[in-house]
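The primary structure of each chain is shown beneath.
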Amino acid sequence: MREFHVGVIGYGFMGKTHTHSYKTIPLYYSNLPFTVKLEGVCTPKREEAEAARDMQGFAYGTTDSEDIFSDPKIDIVSICTPNVFHKELVLRALKAGKHVYCDKPLTATLEESREILEVLGKFPGQVTQVALQMRFYPAVMRAKELIEEGKIGKVFLFQCDYLHSSGINPKKALSWKQDKNFGGGGVLLDLGAHAYDVIYYLLGEYDRLYTVTDIVYPSRPNREGTLVKVEAEDTALTTARMKNGALGKILVSKAATGTMDELRIEIHGEKGALRFNTMAPGYLEFYDAQAPEQPLGGTSGFTKIDCHQKYPEPGGCFPNPRFAIGFLRAHAASMYNFLEHVYRGEQASPSFAESAYIQKVMEKCYQSAGQCGWVQMEENVL
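Residues numbered from 1 in each chain as written. Predicted model: local features only at pLDDT ≥ 70, side-chain atom pairs only at ≥ 80, totals over all residues. Heavy atoms only, no water.

### A word on the sheet that holds strand β7 (residues 155-163)
One key point about sheets: their strands pair by backbone hydrogen bonds, in either a parallel or an antiparallel sense.
Inference 1: The nine strands lie next to each other as β16-β15-β14-β13-β7-β12-β11-β8-β17, forming an open sheet whose pairing is mixed. Every other strand in the sheet has two partners, leaving β16 (302-306) and β17 (375-376) as the edge strands with one partner each.
Inference 2: Relative to β16, strand β15 (residues 283-288) runs antiparallel, the two being bridged by five bridges. The residue of β16 that forms the bridge with Y283 is D306.
Inference 3: Here helix α8 (residues 187-203) sits on the sheet in contact with β7, β8 (206-214), β11 (235-242), β12 (247-253) and β13 (262-269), set at roughly 150 degrees to β12. (Pairing = 2+ DSSP bridges. Helix = DSSP H or I, 4+ residues; strand = E, 2+ residues; numbered from the N terminus. Contact = heavy atoms within 4.5 Å. Axes fitted to C-alpha atoms, helices over the stretch in contact; angles between N-to-C directions.)

### Concerning the sheet that holds strand β6 (residues 128-131)
Inference 1: Pairing within the open sheet is parallel, and its six strands lie in the order β3-β2-β1-β4-β5-β6. The open sheet has two edge strands, β3 (60-62) and β6, and neither has a second partner. Between one strand axis and the next, the sheet turns by 25 degrees as a mean value, whatever way the strands run.
Inference 2: Bridging between strand β4 (residues 76-79) and strand β5 (residues 99-103) involves four bridges; their strand directions are parallel.

### Focus: the pairing of β4
Inference 1: Burial along β4 is two-sided: the residues I76 and S78 and V77 and I79 are all buried.
Inference 2: Here strand β1 (residues 2-9) runs beside β4; their pairing, made up of four bridges, is parallel. For V8, the partnering residue across the bridge sits in β4 and is S78. (Buried < 20%, exposed > 50% of the residue type's maximum accessible area, 1.4 Å probe, protein only.)

### Quick word on the pattern of salt bridges
When their charged atoms lie close together, side chains carrying opposite charge are able to pair.
Inference 1: Summed over the entire model, instances satisfying the criterion amount to 22 salt bridges.
Inference 2: A salt bridge links R135 to E354; its shortest N-O distance comes to 3.2 Å. Pair noted here: R135 is in the loop between β6 and α6 (138-148) and E354 is in helix α10 (residues 352-371), with a separation of 219 residues, a long-range link.
Inference 3: Residue classification places E354 among the buried positions, given a relative accessible area of 17%.
Inference 4: R142 serves as the salt-bridge partner of E149, at 3.7 Å between the closest nitrogen and oxygen.
Inference 5: Linked through salt bridges whose partners overlap, the residues forming this network are K360, E363, K364 and E378. (Salt bridge = Lys/Arg side-chain N within 4 Å of Asp/Glu carboxyl O.)

Note that all results are geometric; they support no functional claim without further evidence.
Below, the structure written as structure tokens:
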């Protein structure tokens, strides 16, 4: 049995999420041909690195990422830092001969993504993937199957909302995700990376985009309590025409009062429709326009498909598929997809190229917001 040794760089919220996935995969997936060992964790503060080592079972903690890259035991590197550091760390990991699992977005800018793609071909034996876990809910996977099977026919309309309420308090200190120096942008690069990707996953490439952005409060306190100017958007609203002809809107916002971590998808076609909401993640709603409406409504209407944790083998064994599913389970499914491809020596999806495409989409959205008009996605986007 193969043993993969892992190094995690960055141990904030996403570093802990990646660590959780590595540790729980042997529970969620049965009879695996590989095991995972947490080798090294890197974070800027020494006390946090040591605490992560002691509490999570890493062999060591460090404040120097070079310790991870130069460690001959480490096969896989998870990159969980602020966006602005992704490009450098991805390139160093590739040059060090490591497989790379990078949190979204791939980079802070499209140009940085292009730099990665330019050198990626030099490392054909190294497997890479971006953590776009919204693709890995069983309900979303089932939605893709139904679309590809032609169950909803030609898609006319869609909408995707990814909403948080974390930005409604004007006294809340500015985080790195609201600082362009670290995030590269605002909510468009943060929540938008998921929203634009899941529509791309389900409906294919974008054709034209029209985006409006908004900053809720022009200033916020920084971590020291000093009021500073806010330059990163809290809300981005995009009208999109897809290459398949579908017209829709994508709304991402951290100023949506009353929401938690809520991704909603609706897709309407000539033969049917689909609905999904991460606040009810076990269900995919499917409307079959072919169902009879008589007598008394017949069997028409939306049907809730029980997807829950019904992953294909070797997943779905624990917990029982009937139990509720959540955020961390989708992350583990994304991570398993990556590890399975590392084991087989095959490239994984969502790939760096796919994530770079989404980076291009988001750049076009910023361009549209600046121009106050429609922008076209070129044929050769990268």
